[in-house]
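Listed below, chain by chain, are the residues.
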Amino acid sequence: MDKRKIILDCDPGHDDAIAILMAARHPKLELLGVTTVRGNQPLNVTTNNALNICQWLNIDVPVCAGLDRGMVRPSPIGESIMIGERDGSGLDGHTFDPLTKKLDSRHAVDFIIETVLDSDTPVTLVPTGPLSNLGMAIRKEPRILEKIDEIVLMGGVYQHGNFTPAAEFNIYADAEAAYVVFTCGRPVVMMGLDITRKALCLPSVVNRIAKIENRASQLFVNLMSFFNRSQKNTFGWEGAPLHDPTCVAYLIDPTCIETKEMYTEIDITGGPSHGRTNCDFFNLMTDKPRNSKVCINLDVAKFWDIVEDCIKLYN
Ligand code: BDR
Ligand code: CA
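The structure contained in this document is the topic of the report that follows. Given the structure is predicted, the values throughout are model-derived calculations rather than measurements.

**Some points on the coordination of the calcium ion (ligand 2)**
By definition of the ideal shapes, a tetrahedral metal site with four donors has angles of 109.5 degrees and an octahedral site with six donors has angles of 90 or 180 degrees. The coordination sphere of the calcium ion (ligand 2) contains the protein donors D11 (OD), D16 (OD), D16 (OD), T128 (O) and D244 (OD), at a distance range of 2.3 to 2.5 Å. Donor residues binding the calcium ion (ligand 2) come from one chain and are separated in sequence as D-x4-D-x111-T-x115-D. By relative accessible area, which is 0% here, D11 ends up buried. On the accessibility criterion, D16 (0% relative accessible area) is buried.

Spelled out as structure tokens, the structure:
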């Protein structure tokens, strides 16, 4: 069986960390590289976090840093408010060894372009942060489009937002880049909050993973114990939503997620709905292309089985 080639473009972040963990070892996937973007934290922090995760799990792929801001403009409400101090490092809860893994010298945008163009088979792009690197890569070298088989992204929502009433964080953080991606003509699969909010890492999940006892389970348990505490303090939830790993779970076993094809338009007006993914759920706009497969249901039990299987692949 041919492995599916993927590039993971992320902003770690607790849930991005688990997405990297899952993408790196699964026999159905070939992780070509990890690229970073500003999002959960400033770029230098998300990049160091990606390097730390790869080093801890012995994931030997290039890590390339990308955009430290949105493609066109800073966030309408201000960068410092957007990034905020959600937690100290973006990966609190786990203590990493001193960092020796080196950053690849290529810019993430160039890495994406070169890797996609050089590949003899199509590449799947998996963005789990703001879409700045991907939007830039498409604008800089549109020839990559014909070599991209699918863009499987975490972002957006057709119900209510998590950053503004209208918008989800990743799309809000660089709405213009999201506009480029959703209008690029390649298939987009959108893992929005509508389903990722169901991937709650309850204490029962943490206990189950703790039984595996390897470096990956240690990382998972440490990160998620912290993440759960902070989400409980902030939102009162018993388990933190693991948004980004839903993308990788879908690539491993698409039957764990139900999708619906629809037209999605990104709001880039700068108004109160800036960054909203306007998903035409009932296909009312019949003249518009169905440019996205929007995820509408998650088989939660299957999802955690996939996560567990991925963690068991480590020593
Ligand atoms: C998204 O925002 C980030 O904080 C998470 O890592 C996830 O990618 C959820 O809105
Ligand atoms: Ca993320």
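After presenting the structure, the write-up continues.
**Observations concerning the side chain of R276**
Along the chain, R276 falls in the loop between β10 (264–266) and β11 (277–279). For the buried R276, no salt bridge is present, and the opposite-charge side chain at shortest range is D194, 6.9 Å distant. For R276, the side chain forms a polar contact with the main-chain oxygen of Q159, separated by 3.0 Å. When near neighbours in sequence (up to four residues on either side) are disregarded, R276 contacts V157, Y158, Q159, A166, A167, E265, I266 and D267.

**Considering unusual backbone geometry**
At the junction of P12 and G13, the peptide bond is cis and its omega measures out at -20 degrees in the coordinates. Checked against the element boundaries, G13 lands in the loop between β1 (4–10) and α1 (14–25). Phi at N58 takes a positive value of approximately 55 degrees, unusual for a residue other than glycine. With respect to the helices, strands and loops of the structure, N58 is situated in the loop between α2 (43–56) and β3 (63–65). Positive phi, close to 50 degrees, is recorded for N283, a residue that is not glycine. In this fold, N283 is placed in the loop between β11 and β12 (292–298). Note on N283: relative accessible area 17%, which makes it buried.

**Section: the packing of aromatic side chains**
A ring pair, where both rings are aromatic, is described by two values, the distance of the centres and the angle of the planes. Inspection of the entire model under this criterion finds six aromatic pairs. Seen from their ring centres, F163 and Y172 are 5.1 Å apart, and the 50 degrees between their planes marks the pair as tilted. Judged by centre distance (4.8 Å) and plane angle (65 degrees), the ring pair of F303 and W304 falls under edge-to-face. The class of F303 is buried, set by a relative accessible area of 0%. Taken together, the aromatic side chains of Y158, F281 and F282 make up a single cluster linked through ring pairs. Positioned above the aromatic ring of W56 is the side chain of R215, whose terminal nitrogen or guanidinium carbon lies 3.7 Å from the ring centre. A cation sits over an aromatic face here: K260 above F281, 5.2 Å from the ring centre.

**Some thoughts on helix α11 (residues 245–252)**
Residues that lie three or four places apart on an α-helix share one face, since the helix turns once every 3.6 residues. α11 sits mainly inside the fold: eight of its eight residues count as buried. Among the residues of α11, those classed as buried are P245, T246, C247, V248, A249, Y250, L251 and I252.

**Concerning the site of ligand 1**
Around ligand 1, 12 residues are found, and the nearest of them are D15, N40, N162, E168 and D244. Within the side chain of N40, a nitrogen or oxygen atom sits 2.4 Å from an oxygen atom of ligand 1. In this structure, E168 approaches ligand 1 through a side-chain N or O atom, which is 2.5 Å from an oxygen atom. Expressed as a share of its isolated accessible area of 280 Å², the protein-covered part of ligand 1 is 94%. Elements that contribute at least two residues to the shell around ligand 1 include exactly α1 and α6 (169–173). Split into classes, the residues belonging to the shell around ligand 1 amount to two nonpolar, five polar and five charged.

About the thresholds
Residues numbered from 1 in each chain as written. Chains lettered and ligands numbered in written order. Predicted model: local features only at pLDDT ≥ 70, side-chain atom pairs only at ≥ 80, totals over all residues. Heavy atoms only, no water. Donors = N, O, S within 2.8 Å, 3.2 Å for Na, K, Ca; no water. Buried < 20%, exposed > 50% of the residue type's maximum accessible area, 1.4 Å probe, protein only. Helix = DSSP H or I, 4+ residues; strand = E, 2+ residues; numbered from the N terminus. Lys, Arg positive; Asp, Glu negative; His and termini not counted. Salt bridge = Lys/Arg side-chain N within 4 Å of Asp/Glu carboxyl O. Polar contact = N/O pair within 3.5 Å; in protein donor to acceptor, adjacent residues only side chain to side chain. Contact = heavy atoms within 4.5 Å. Phe/Tyr/Trp six-rings, centres within 6.5 Å; stacked < 30°, edge-to-face > 60°. Lys NZ or Arg CZ within 6 Å of the ring centre and 35° of its normal. Near = heavy atom within 4 Å. Areas by Shrake-Rupley, 256 points an atom, 1.4 Å probe, with all protein chains shown as cover. Nonpolar A, V, L, I, M, F, W, Y, C, P; charged D, E, K, R; others polar.

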